[in-house]
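# Chains, contacts and geometry: an overview
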Amino acid sequence: MSVTVLGVRHHGPGSARAVRAALGALAPDTVLIEGPPEAGALLHYIAALVPPVAILAHAPDRPGRAAFWPFADFSPEWQAMRFAAEAGLPVRFVDLPAATVLAGNDSEDDGERRPSALISDDPLGWLSKAAGHDDPERWWEDVVEHRLGGDPLELFAAVAEAMAALRTAAEADGWTASRRDLRREAAMRQGLRAAVREGHGRIAVVCGAWHAPALASLPPARGDADLLRGLPRVKASATWVPWTAQRLTHASGYGAGVTSPGWYAHLWRSEDHIAERWVTRVAALLREADLVASPASAVETVRLAETVAAIRGRSLPGLSELTDAVLAVLCQGDQVPLSLIHGRLVVGDELGVVPDDVPTVPLQADFESTCRRLRFRPAAADRQVELDLRGDTDRNRSRLLHRLRLLGIGWGTVVSAPSAGTFREGWLLRWRPEFVVSLIERARYGTTVAAAATTVVVERAEEAAEFAQITELVEAAVLADLPDALPAVTAALERRSARTGDIAHLMAAAPPLARVLRYGSVRETDTDLVRGVLDSILIRICAGLAAACMSLDAQAATAMLAAIEDADASIALVGSAQQAEAWRAAQRAVADLAGAVSILQGRCVRLLLDAGLLTAGEAQQRLARALSAGPQAVAWLEGFVRGSGSLLLRDEPLWNLLDDWLSGLSTEAFDTVLPLLRRAFSQFTGPERQQMGTKVRARHGAAGAAGTVATDGSGDEDDLDEARIQRVLDIVAIALGGRVTDE
């Protein structure tokens, strides 16, 4: 019986290549791989999987408890699995069971965290430091990942010897392993003992390099059994799920991640001309982005990378040399295209593929079958899509995305919603592997995405504490096309609206309900229930608006102002003629009410003017009356001019009235109202403010704006220094290759 331990870095092309070569040389009878034993039943799917993929273990009885074991094509463990499957060898996982990991109590650490304990946290860093290198990643790439030949067994023997020396040095300094690591290594040894008892003569073990010394020999089994006795366990299930290259990085929070999975994938797939192939991919990507990347520039980039590598004492250009060369030549020093290269090539945008027959929960199976039916599969890269809601396929895609959002799965984010004159909906799609866990967690709500979303909406409607939350649920139920949820949600909305006396809350409910009524027909949704609720709310809003606009502080007045504008837009969108008449009557009551907040009075006057229910003369009278109050008139004015500035620009009597009021203010009064005026006029667009300034200059002339040119072309032009202008022109002429004039 012989046992060979192959200590690896979990994701590295050099280690993966060496593992395959070592297994070919050893011709083992069985292969043991670091991983959860529960996943052994999933190994027969290996041939159909396309990495990156991950083993997902979850606790069905404890939603939210899940763990992942990711694998890329260049992961040594993955290549060991592939080798065993191709050779027909028995293979099993050895480590702590997922049932124990998910129990959550295996993370105790009774080891002393002395400085030497950092060795176990970063063994490669200590080895590179011992070798005289300050960059562990680059040192490991030079020693292992760029390795294309040599005896693989010698490599693994050297790695095991180095790790043993590190552990010995740490232990001499008083370090002890954490209880979790001790238990993991005990579980690995127990798995190894089981393989020995089964009579396998040649056993190969693929595990993390740090654990290799702990598996080099088998101590008495009793000590390991004592370590593992009594560990908590939960019911655990395992399956394969797609993974992404981005989730293999350190930056994603993955502890065993690498900095450049896309580069490592390139190293794995390229056995020769690594730099040339990489620069070719970079140039192709830049040309795809409509950037210049000529063949001559690509050749020069490779030459520069090789030169930099030679200066740095490296046999081959690594990622750092190639990145420097690409930045200097192909990117011409611009970091923007370099960030594109980093995201698409250095990290990568690959998404793994898992066959349909891999076991999963019914909710996930329904999601995947829906995606296939709609030809709407998740992708690793972010992408924007525009859905035409008039078509069945796009409408069903929109329903799926909205239902997933209700389940807390943010695959899509709405970037543009349907509006008047358009039936298109824009989405930004961002798939994350963790969404699979969310689907498994939400499986308790239903066996299909529609059923689960319906259950969630009904539960939220019953538990909602805020009136606005229920109105949002009504809109969400319509967008997701959940007819079974609408009766429960609208009933909850009616009950809550009958109990609330806050007019602002009722007005906040109007916009989502109006959108449902206006655009629900696009989604072929029955909105009769929503119409009844909105009619009831509008009656109460019109009856209580005037009283709600009195005795408000600044913050409450601002909120009420926004609510009035939203309600006005909602009634204009879906209100009947009778409702519009009642709403205008409520606005007039606010405008006429003594003691109402000034900014709200001004806004109601403007809305009535825009609706044609006030004449220009009546509006001028109200404006004059408000302006007579002095500096306090600014709040009324802010409400009146809110929105478009075209009213002031086109209505001369109103403009003159406002201009006369400002001109008549004393210096002290003007200084007092100036900040408020700035706030009132800041809402106008730049061109509108520019036209207003031009109009002021035209009216007041040199007295109001000394040194400016009148808009009709009259007035004195600014004095120009011809000699200084000529000197500038001479310099420009020389720069452009022309001649200097003698004048």
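Calculation notes
- Residues numbered from 1 in each chain as written.
- Predicted model: local features only at pLDDT ≥ 70, side-chain atom pairs only at ≥ 80, totals over all residues.
- Heavy atoms only, no water.
- Buried < 20%, exposed > 50% of the residue type's maximum accessible area, 1.4 Å probe, protein only.
- Helix = DSSP H or I, 4+ residues; strand = E, 2+ residues; numbered from the N terminus.
- Pairing = 2+ DSSP bridges.
- Axes fitted to C-alpha atoms, helices over the stretch in contact; angles between N-to-C directions.
- Contact = heavy atoms within 4.5 Å.
- Core = buried A, V, L, I, M, F, W, Y, C linked by side-chain atoms within 4.5 Å.

### As for the pairing of strand 10 (residues 424–429)
- The element strand 10 is extensively covered by neighbouring structure, given that five of its six residues are classed as buried.
- Across six bridges, strand 8 (residues 383–388) lies against strand 10 in antiparallel orientation. Bridging from a neighbouring strand, Q384 pairs with L428 of strand 10.
- Here four bridges tie strand 9 (residues 412–416) to strand 10, and the two strands are oriented antiparallel to one another. Residue pairing in the sheet places G412 in a bridge with L429 of strand 10.

### Digging into the sheet that holds strand 1 (residues 2–8)
- Read from one edge of the open sheet, four strands run 1-6-2-5, paired in parallel fashion. Edge positions in the sheet fall to strand 1 and strand 5 (91–94), since each has one partner strand and no second. With direction set aside, neighbouring strand axes in the sheet form an average angle of 20°.
- In this structure, strand 2 (residues 30–34) lies alongside strand 6 (residues 202–208), joined through four bridges in parallel fashion. Across the sheet, the residue bridging to I33 is V206, located in strand 6.
- Across the face of the sheet, helix 1 (residues 13–26) comes into contact with strand 1, strand 2 and strand 6 while running at roughly 170° to strand 1.

### Remarks on helix 11 (residues 261–269)
- Counting buried positions over the nine residues of helix 11 gives eight, a clear majority of the element.
- Every buried residue of helix 11 is accounted for by P261, G262, W263, Y264, A265, H266, L267 and W268.

### Quick word on the side chain of T370
- With respect to the helices and strands, T370 occurs in helix 16 (residues 362–374).
- Residue classification places T370 among the buried residues on the basis of a relative accessible area of 11%.

### Regarding the nonpolar core
- Formed by 84 residues in total, the largest nonpolar core has its most connected members in M507, I564 and W583.
- The next biggest cluster of nonpolar side chains, apart from the first, holds 64 residues, and it includes W263, A305, L319 and L327.

### Some remarks on the sheet that holds strand 10
- Read across the open sheet, the three strands follow the order 8-10-9; overall the sheet is antiparallel. A strand with exactly one partner marks an edge of an open sheet, and here the two such strands are strand 8 and strand 9. The sheet shows a mean angle of 35° between the axes of neighbouring strands, taken without regard to direction.

### Section: unusual backbone geometry
- A cis amide bond links P51 to the next residue, P52, at an omega of 10°.
- By the secondary structure assignment, P52 is in the loop between strand 2 and strand 3 (53–58).
- Located in the positive-phi region is D290, a residue other than glycine, with phi close to 65°.

Everything listed here is a matter of geometry and, on its own, says nothing about what the molecule does.
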